[in-house]
Amino acid sequence: MSETQPLRPTSVAEVQEAVRAYPRLRARGGGSKPALSTPQNGQTLLEMGGLRGVVEYDPSEYVVVARAGTPLAEVAALLAQHGQYLPFDPPFLAQGATLGGTVAAGLSGPMRQRYGGVRDFILGVELVDGEGRRIRGGGKVVKNAAGFDLPKLMVGSLGRLGLLVELAFKVFPAPKATCTLEVAFPRLEEALETLYRLAGSPIELYALDLVPPATLVLRLGGLSEALPARLERLQSFLGQPGQLREGEAEVAYWQGLNDLGHLGAGALVKVALTARRIPALERVLGPAPRRYLCAGNLLYLAWEGKLEELDALLKAQGLSGLVLRGTAPQPQIGIDLAQVFARKVAAALDPQGRLA
Amino acid sequence: MNPALSELQGLFPPGRLLTRPGELAPYASDALTAFRAQPLAVVLPESHEEVVEAVRWCVRHRIPYVARGSGTSLSGGSLPVEGGLVIGLNRMNRLLRLDPKERLAVVEPGFINLQVSQAAAPYGLYYAPDPSSQPVSTIGGNLAFNSGGAHCLKYGMTSNHVLAARVVLPDGQTVVLGSESLENTGPDWLGLFVGSEGLLGIVTEITLRLLPKPEAYHTVLAAYDALEKAGQAVAAVVASGLLPGAMEIMDALAIEAAEAAVQAGYPREARALLIVELEGEAPQVEAEARYLEEVIRQSGAYEVRVAQSQEERLKIWRGRKAAFSAVGRLSPDYLVQDGVVPRSKLGQALAEIENLSARYGLRVANVFHAGDGNLHPLILYNGRVAGELERAEALAGEILQLCVRLGGSITGEHGVGMEKKAYMPSMFTPEDLEAMQRIRQALDPLELANRGKMFPGDHPPHRPPSGPHPLEKAGVIARE
Amino acid sequence: MQHKIDSEKLGPQGEIMAHAIEACVHCGFCLPACPTYQVLGEEMDSPRGRIFLMKEVLEGSLAPEEAQPYLDKCLGCLGCVTACPSGVPYGELIGTYRGFSEPKRHRSPFQRLFRLALQETLPYPSRFRAAARLGQFAKWMKPLLPAPLKAPLELLPERLPQSEPLPEVVPAEGPRRARVALLAGCAQQVLQPGFNRATLRVLAHNGVEVVVPRGQGCCGALALHTGERARALKLARANLQAFAGDFDAILTNAAGCGSGLKEYPLLFRGQPEEAQAKALAAKVKDVSVFLVELGLKEVPPLPKPLKVAYHDACHLAHAQGVRSEPRQLLKSIPGVALLEIPEGELCCGSAGTYNLEQPALAATLGERKARHILATGAELVVTGNIGCFTQIETHLRRLGRPLPVLHTVELLERAYFG
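Residues numbered from 1 in each chain as written. Chains lettered and ligands numbered in written order. Predicted model: local features only at pLDDT ≥ 70, side-chain atom pairs only at ≥ 80, totals over all residues. Heavy atoms only, no water.

Okay, the sheet that holds strand 16 (residues 333–336) of chain B next. Residue and element names in this part refer to chain B. If you trace the 7 strands from one edge of the open sheet to the other, you get 15-12-14-13-17-18-16, paired in antiparallel fashion. In this open sheet, the two strands that pair with only one neighbour each are strand 15 (303–306) and strand 16. For this sheet, the mean inter-axis angle between neighbouring strands, taken without regard to orientation, is 15°. Taken together, the 4 bridges between strand 12 (residues 216–224) and strand 15 define a ladder with antiparallel strand orientation. By the bridge assignment for strand 15, alanine 222 is matched with valine 304. With respect to the sheet, helix 13 (residues 388–405) is in contact with strand 16, strand 17 (364–369) and strand 18 (374–381), its orientation differing from that of strand 18 by roughly 165°. (Pairing = 2+ DSSP bridges. Helix = DSSP H or I, 4+ residues; strand = E, 2+ residues; numbered from the N terminus. Axes fitted to C-alpha atoms, helices over the stretch in contact; angles between N-to-C directions. Contact = heavy atoms within 4.5 Å.)

The subject of this paragraph is the interface of chain A and chain B. Opposite the 75 residues of chain A that make contact, chain B presents 87 residues. Its largest share of buried area at the contact with chain B, chain A owes to Lys143, Phe148 and Phe341 of chain A, together 15% of the area lost on that side. Where lysine 344 of chain A meets aspartate 171 of chain B, a salt bridge forms, and the shortest distance between an N and an O atom there is 3.1 Å. Taken together, the links from chain A to chain B amount to 28 residue pairs in polar contact (both at pLDDT 80 or more). At 7 residues, helix 12 (residues 340–349) of chain A tops the list of elements feeding residues into the side of chain A that touches chain B. Within the side of chain A that touches chain B, the residues separate by chemical class into 35 nonpolar, 18 polar and 22 charged. (Buried area = accessible area lost by both parts, 1.4 Å probe. Salt bridge = Lys/Arg side-chain N within 4 Å of Asp/Glu carboxyl O. Polar contact = N/O pair within 3.5 Å; in protein donor to acceptor, adjacent residues only side chain to side chain. Nonpolar A, V, L, I, M, F, W, Y, C, P; charged D, E, K, R; others polar.)

In any sheet, the strands associate via hydrogen bonds between backbone groups, in a parallel or an antiparallel arrangement. Residue and element names in this part refer to chain C. What the 5 strands build is an open sheet, ordered 1-3-2-4-5; its pairing is mixed. Whereas interior strands pair on both sides, the edge strands pair on one side only; in this sheet they are strand 1 (169–170) and strand 5 (284–286). As paired elements, strand 1 and strand 3 (residues 208–211) share 2 bridges and run antiparallel to each other. Note on strand 3: the bridge partner recorded for valine 170 is valine 210. Along the sheet, helix 12 (residues 193–205) contacts strand 1, strand 2 (178–183), strand 3 and strand 4 (249–252); its crossing angle with strand 3, the most-contacted strand, is approximately 145°. Contacts from helix 18 (residues 287–294) reach strand 2, strand 3, strand 4 and strand 5 within the one sheet, and its direction differs from that of strand 5 by about 90°.

A word on the environment of alanine 277 of chain C. Residues and elements named next belong to chain C. Along the chain, alanine 277 falls in helix 17 (residues 274–283). Separated by 11 residues in the primary sequence, alanine 277 and leucine 266 place their C-alpha atoms 8.7 Å from one another. Leave out the neighbours within four places in its chain, and alanine 277 touches Leu240, Tyr264, Pro265 and Phe268.

Take the interface of chain C and chain B next. Put simply, an interface is often sized by how much accessible area is lost when its parts join up. In this assembly, 33 residues from chain C lie in contact with 39 residues from chain B. Roughly 2800 Å² of surface becomes buried between chain C and chain B when both sides are summed, with 52% attributable to carbon and sulfur atoms. Where chain C touches chain B, the interface holds 3 salt bridges. Linking glutamate 43 of chain C and arginine 68 of chain B is a salt bridge whose minimum nitrogen-to-oxygen distance equals 3.2 Å. Seen at the junction of chain C and chain B, the total is 11 residue pairs in polar contact (both at pLDDT 80 or more). At the level of secondary structure, the elements contributing two or more residues to the side of chain C that touches chain B comprise helix 2 (12–23), helix 3 (35–40), helix 4 (47–59) and helix 5 (64–72) of chain C. Looking at the side of chain C that touches chain B element by element, the count peaks at 6 residues for helix 4 of chain C. By residue class, the composition of the side of chain C that touches chain B is 17 nonpolar, 8 polar and 8 charged.

Below, the discussion takes up the pattern of salt bridges. Residues and elements named next belong to chain C. As enumerated under the stated definition, the model contains 74 salt bridges over all chains in all. In this structure, glutamate 120 and arginine 231 form a salt bridge, with 2.9 Å as the shortest nitrogen-oxygen distance. Here the residue glutamate 120 occupies a position in helix 8 (residues 109–121), and arginine 231 occupies one in helix 14 (residues 229–242), the gap between them amounting to 111 residues. Two residues, lysine 285 and glutamate 293, come together in a salt bridge whose shortest N-O distance is 2.9 Å. The exposure class of lysine 285 is partly exposed, given its relative accessible area of 25%. Taking relative accessible area as the criterion, glutamate 293 reaches 52% and is therefore assigned exposed. (Buried < 20%, exposed > 50% of the residue type's maximum accessible area, 1.4 Å probe, protein only.)

Turning our eyes to something else, we now look at the packing of helix 9 (residues 252–262) of chain B against helix 11 (residues 310–326) of chain B. Residues and elements named next belong to chain B. Close contact between helix 9 and helix 11 brings their axes to 8 Å; oriented N to C, the two are set at 105°. The pairing of helix 9 with helix 11 is recorded here as roughly perpendicular in orientation. Residues Ala257, Ala258, Ala261 and Val262 of helix 9 touch helix 11, and the partners they reach there are Arg318, Gly319, Ala322 and Ala326. Taken together, the residues of the contact of helix 9 with helix 11 sort by class into 6 nonpolar, 1 polar and 1 charged. (Parallel < 35°, antiparallel > 145°, perpendicular 65-115°, else oblique.)

Structurally, serine 70 of chain B can be placed in the loop between strand 3 (65–68) and strand 4 (85–88). For serine 70 of chain B, the contacting residues outside a window of four places in its chain are Ile112, Val136, Ser137 and Thr138 of chain B together with Leu31 and Arg48 of chain C.

Residues and elements named next belong to chain B. Per the domain assignment, the segments of chain B are domain 1 (3–88), domain 2 (95–212), domain 3 (214–308) and domain 4 (331–442). Inter-centroid distance (C-alpha atoms) of domain 1 to domain 4 is 29 Å. On the side of domain 4, 8 residues touch domain 1, which itself brings 6 residues to the contact. Between domain 1 and domain 4 we count 0 salt bridges in total. Viewed at the interface, domain 4 and domain 1 are joined by 0 residue pairs in polar contact (both at pLDDT 80 or more). (Domains from an automatic or database assignment.)

Residue and element names in this part refer to chain A. Domains assigned within chain A are domain 1 (12–48), domain 2 (52–173), domain 3 (177–257) and domain 4 (261–334). The C-alpha-based centres of domain 1 and domain 2 are spaced at 19 Å. Domain 1 puts 14 residues into the contact, and the matching count from domain 2 is 23 residues. Together, the buried faces of domain 1 and domain 2 total about 1400 Å²; carbon and sulfur atoms form 67% of this surface. Three residues, Val12, Lys33 and Met48, lead the burial of domain 1 against domain 2; their summed loss comes to 35% of the area buried on that side.

Here the focus is the packing of aromatic side chains. All told, the structure shown has 15 aromatic pairs over all chains when counted by the stated rule. Relative to phenylalanine 172 of chain A, the ring of tyrosine 115 of chain A has its centre 4.8 Å away and its plane inclined at 80°; by these criteria the two rings are edge-to-face. Placement of tyrosine 115 of chain A in helix 5 (residues 112–115) and of phenylalanine 172 of chain A in strand 9 (residues 172–173) is noted, with a sequence separation of 57 residues between them. The exposure class assigned to phenylalanine 172 of chain A is buried, which follows from its relative accessible area of 0%. A centroid spacing of 6.4 Å and a plane angle of 85° characterise the contact between phenylalanine 341 of chain A and tryptophan 189 of chain B, whose relative ring orientation is edge-to-face. Here phenylalanine 341 of chain A, found in helix 12, pairs with tryptophan 189 of chain B, found in helix 7 (residues 189–193), and the two come from separate chains. As far as burial versus exposure is concerned, phenylalanine 341 of chain A and tryptophan 189 of chain B are alike and both buried. A network of ring pairs unites the aromatic residues Tyr62, Phe88, Tyr115, Phe121, Phe169, Phe172 and Tyr206 of chain A as a single cluster. Stacked on the ring of phenylalanine 417 of chain C, the Lys or Arg arginine 201 of chain C has its end atom at 4.2 Å from the ring centre. (Phe/Tyr/Trp six-rings, centres within 6.5 Å; stacked < 30°, edge-to-face > 60°. Lys NZ or Arg CZ within 6 Å of the ring centre and 35° of its normal.)

Here it is as structure tokens:
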């Protein structure tokens, strides 16, 4: 069955109509994660870019509320004007990634190391479920315990539990100054040992990345008057001065990583893991361009070969992956995470499988 | 003994199946003493399998159940269902594994919150969520209510520190939600479960995230002659771009109670005390402290103290942490509320609460997490004076209404439980509530798990009749 | 907590209990502090649960027998009082309740006999000595005896020390700095006369004249804490008389006795002797507190350095708030390395005659305490109470590690006199 014409709602009511009118739907924000937003099997494409705009922003409240189709770049620019930022550091700003798409994919970036990922900053959500019902969960204040935590559920929901229309986030003051240290080690074991030592120490990093084979990239942030002393302590902790980046070049370095272009043009995959899995994984990933973020909790890699191979490989390692770009029957690869809780909740939100 | 109970006898030995009146009475309520309900029986499992058996028994006989940790819930979360089963998890209280290298701890649900940090301390690690009940409350209970504490603004609540949980679902099936990784590749099922107040299942094993202990703390106690000044000081701290680990305010009544309880040495005549705590790497904290000093100086505090040692720091906190229970010295009864307002509205909220207190003729002590706008007004009353409980509840209702009106929430961290279910419609539309009910019913079609909690409807058990609620009278809500 | 207790019907004792119950806000902070909750893990055996049960009984909605087993298991250690943020006077509540409920209570003939035996021997040194000698004789019979009789036999020492009659007055050495009266205690005169001897010597050496008033007797704490109100009043009246003189302080060297004497105002509430009781209680001090306030004459060092674990008796720490003074005394002995016992706030299980009435629980707690002590690596254990002394000694011995145990003043005695 061929794909039908894409829809482009500009209001929540139109989203609801679309859900009721079409048997199968796939939402798309900026299209930066094509494996998640390309319609298949007769799905009608729902372009969410028409639901955009910041609804509320009070810097003194640390809260921003925006429609789901708002580009991340727009939100980030607004926050920057007030010295604030999105602490979960989502990727694909320049590629037009939207808030909704980022939440649906559950994507964070290197700076998640400091304060947390998407799930740690989402406060409230408005969505349209699989029956076209408009539902709100959470709220607009940084602390709220009323009702089920639907906002967290939506993180990583891939548009399959509901179509996001409005989101509220907690935001933080951006670090006043930053600097980056790149440290090369002779072997992976030593790099990992240092990674562990850093992660268990009181040293507060905005990024703790591992670039295979054995290079750590660390970012410090905070008040500029304290940075030199902290940098010196970090260097002596590491036992070597490393290669320092500062100023505009430092900012540009991290901005350059935001589009994950440094991983090349292969299929782009996110893997969730912990640092202790890295040695085994490193032995089997071959030349695939990759970077481990957040003390080894997050891996982005590019896969040149067939995704079935990566799927089998991840299964053998006991890990799960999410295909962001590339062709796969299902974007979720690796071990099967299906379980009864998931099935029942999904059935409650989308009984007819319109969004599946 | 009825056949259902005899069957339960086959599953639990006599010391761990409680049925006698003297055994059941103490389980009839938790820290919210305005509510009581007599359970049919209490079981005290010691293993995951026993929890499964208990739940399956409930399903077989269609008997509702409530899981219970230390019973410190302030919203009636561990209040039994009248005639239902109480599944007490406090005997499942072991630390199963502490992995300092991977920075995680695996515990049973009855393990006490504070004990996690105590176990992690030798490795320079700690468990961040610190509700004031932490010496008593269990991890299982913390998880059910997504417990907060004073250090939430910077590092989040329980949900941000739980990595994985093994759950017994209301139908007796077992699932594992989450993983050791901080990241997910699919929906955050565990995130939905945490804070679901016992309605979606019982945890039997929890993996917690441990953080490195901050290198340095800088704890400041500032005394003000007016509550609004303290509120404004908080706004100024935030506006300066600082992100403190904690910011707490106590008003005059709360100060009086706390001093009586723990003799923390607070400035006695203060109308408000502000505690601001910076934490982090020493050079950063030192630099931040200079900014903080300036902000506090300009805020009009008449006395400022900086903790010079760990002991002094703990002393400053001791009073704050004992404040709730300490008001028991000022009044035979109290109701503690847990509203949230946007931080910029804090001053306004406090002024209005003061007016309400005068209007209702009841004292209100205020303690709150100023950093995230989470208020805890403690309404003092004497239940033996006719009508006072009802007035206290009416006042509580008005305060919650106020919070919602100012754009906040009816509960920041204590959860809805029994106490606030009537207010859910003021925060959520009927469609929102239906959606949550659908999720609940998908997992628990018989509504056995914590029946009667969180969602409006059903009269609370054994409450003295108090007439229609003010919101009902105003036609804002209807109790079905 | 709200309650429906008709305190008028219950008399002045009713007021005391109702007030305590009112103060409780059911917050549960007492649970981690309660040894029986730690061991048994059920709400009925926690202070919060017990307060609730007493409330239910006093309101008439629960039969007293239903609550009894759990109230009986309360140690009366007052660990909960230390932990309670609301200031619930739990000690007053449980003591008053036991006095109130005891006359109405049904006990088996054996139980009554056992209790009578305890009440009629322990408080009277000469009777206790005779009974103890008999007990030692009967030790070989232990395997044949029913369980409740085993416990007392097990707690008796291998050898009973020689009895040491106490002088009426001990003069101060050098210029007199103070004049005090000493409560000699009851059980400890038989089991450890060395405590009183050391107390007298250390005080005299520090310039204190000590009077041991004749006509004094057991402080009555045992009777008061087990519900024998009439007996407690009788014993207390004798002491009101005996200690009526002009003293700078009335000293005790047993935690339980010091706390017992300080309870006289509560015991005599509403009675003609109330004012006298208050006057007496105001003068009562533990010997460690008195010595710290007085200021010790310089203490010579011990022959060799010693690792000492100090055990807080519940009736010093929780009941009287005395924690730092004994430690200060110990630290003033050069050569002492003071060690803190893990779970130091938790009762050792002695709790008056608890280890006779609830032997299984007491043994669990005693072993727990002994293991914690051994884990510190201490070479000596010091404590300020005869009950704790006996319990700790017994359980260290049972674990095969019989470390020496001394009273605080005995270590001072050693330092001063060798």
